[in-house]
Amino acid sequence: MTSALIYPHIEKVAGQPARLQRIPRVRVAQIVMDYLAYGWSVEEICRQHPYLMQSEAHAAMAYYFDFQAEIDREIRMEWEQVQQENSLLSRSPFFVRMRAKGLL
C-alpha cells in the first residue's frame, strides 16, 4: 500500500501539468524554469513574480524535487515545441535583408 503525497498549493490532475491551486495558469514547471535558468532562490523567484506567495514557490520546488523527471520532461517538450514552431515561421523581409548583410 502506497500513500499519496500531498503538496499544499499544488494541484495535479492526471494527464495534465502540475499547477498552483490559487493561480491555475501558473505551472510548477514555470517556477522551476526560473530556478534552473537563473539559479534563483525561492525568495528571488517571489521578488521577480510578486503575485507568488513564498509558500507556493516552496511547494512547487518540493514537487519538482520529488517528481524531477516529470517536470524536466514537461520543460523539454515545451522547449522542443517552441523550436519547432520557430522553424516553421517565415522570416520577415527585414530579417532576410539584415541576415544577407551579415548584421544578424
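Structure shown above.
Keep in mind it's a predicted model, so treat the numbers as computed, not measured.

About the thresholds
Residues numbered from 1 in each chain as written. Predicted model: local features only at pLDDT ≥ 70, side-chain atom pairs only at ≥ 80, totals over all residues. Heavy atoms only, no water. Helix = DSSP H or I, 4+ residues; strand = E, 2+ residues; numbered from the N terminus. Buried < 20%, exposed > 50% of the residue type's maximum accessible area, 1.4 Å probe, protein only. Polar contact = N/O pair within 3.5 Å; in protein donor to acceptor, adjacent residues only side chain to side chain. Contact = heavy atoms within 4.5 Å. Expected span 1.5 Å × (residues − 1). Core = buried A, V, L, I, M, F, W, Y, C linked by side-chain atoms within 4.5 Å. Salt bridge = Lys/Arg side-chain N within 4 Å of Asp/Glu carboxyl O. Phe/Tyr/Trp six-rings, centres within 6.5 Å; stacked < 30°, edge-to-face > 60°. Lys NZ or Arg CZ within 6 Å of the ring centre and 35° of its normal.

Undergrad: When you look at unusual backbone geometry in this model, what are you seeing that I'm missing?
TA: Residues other than glycine predominantly adopt negative phi, and peptide bonds predominantly adopt the trans conformation. One non-glycine residue with positive phi stands out, namely H9, at about 80°. Turning to its location among the elements, H9 is positioned in the segment before strand 1 (10-11).

Undergrad: Is there a simple way to explain the side chain of E74 in this structure?
TA: Counting through the fold element by element, E74 comes out in helix 4 (residues 68-88). Given a relative accessible area of 15%, E74 falls into the buried group. Within the local environment of E74, its side chain forms a polar contact with the side chain of R27, the two groups lying 2.5 Å apart. Beyond its immediate chain neighbours, meaning those up to four positions away, E74 contacts P17, R27 and A29.

Undergrad: It is not clear to me how helix 4 should be interpreted in this structure. Could you clarify?
TA: Residues lying three or four places apart along an α-helix face the same way, a consequence of the helix completing one turn every 3.6 residues. Its 21 residues give helix 4 an end-to-end C-alpha distance of 30 Å, which sits within 8% of 30 Å, the value for a rise of 1.5 Å per residue. On its buried face, helix 4 sits against helix 1 (28-38) and helix 3 (54-66).

Undergrad: Would you take a moment to explain the nonpolar core for this structure?
TA: The nonpolar side chains of a soluble globular protein tend to be buried with one another. One finds I10, V28, I31, V32, Y63 and I71 to be the most contacted residues of the largest nonpolar core, which totals 23 residues. Residue assignment for this core shows that the elements contributing at least two residues are helix 1, helix 2 (42-48), helix 3 and helix 4. When residues in this core are grouped by element, the largest group, six residues, is from helix 3. Non-local contacts of I71, meaning those with residues more than four positions away in its chain, are made with V28, A29, V32, Y63 and Y64.

Undergrad: Got a minute to help me understand the environment of R73 in this structure?
TA: Counting through the fold element by element, R73 comes out in helix 4. Taking the C-alpha atoms as reference, R73 lies 12 Å from V28; in sequence the two are 45 residues apart.

Undergrad: Help me understand the pattern of salt bridges, please; the structure alone is not making it clear to me.
TA: Between side chains of opposite charge, a pair can form when the charged atoms approach closely. Taken as a whole and judged by the stated rule, the model has five salt bridges. Of the charged contacts in the structure, one is a salt bridge between R47 and E44, with a shortest N-O distance of 2.9 Å. One end of the pair is R47 and the other is E44, both in helix 2 and three residues apart, which spans about a single turn. You can call R47 exposed: its relative accessible area is 58%. With relative accessibility at 19%, the residue E44 sits in the buried group. Three or more residues are tied together by salt bridges with common partners; here these are R27, E74 and E78.

Undergrad: Explain the packing of aromatic side chains here, please?
TA: Any pair of aromatic rings gets described here by the distance separating the centres and the angle formed by the planes. What the rule picks out here adds up to six aromatic pairs. On the basis of an interplanar angle of 25° and a centroid distance of 4.5 Å, the ring pair of Y38 and W40 is categorised as stacked. We classify Y38 as exposed; its relative accessible area is 55%. Three or more aromatic residues link up through ring pairs in this structure, and these residues are Y7, Y63 and F67. When the ring centre of Y51 is taken as reference, the NZ or CZ atom of R25 above it lies at 5.6 Å.

By themselves these figures say nothing about function.
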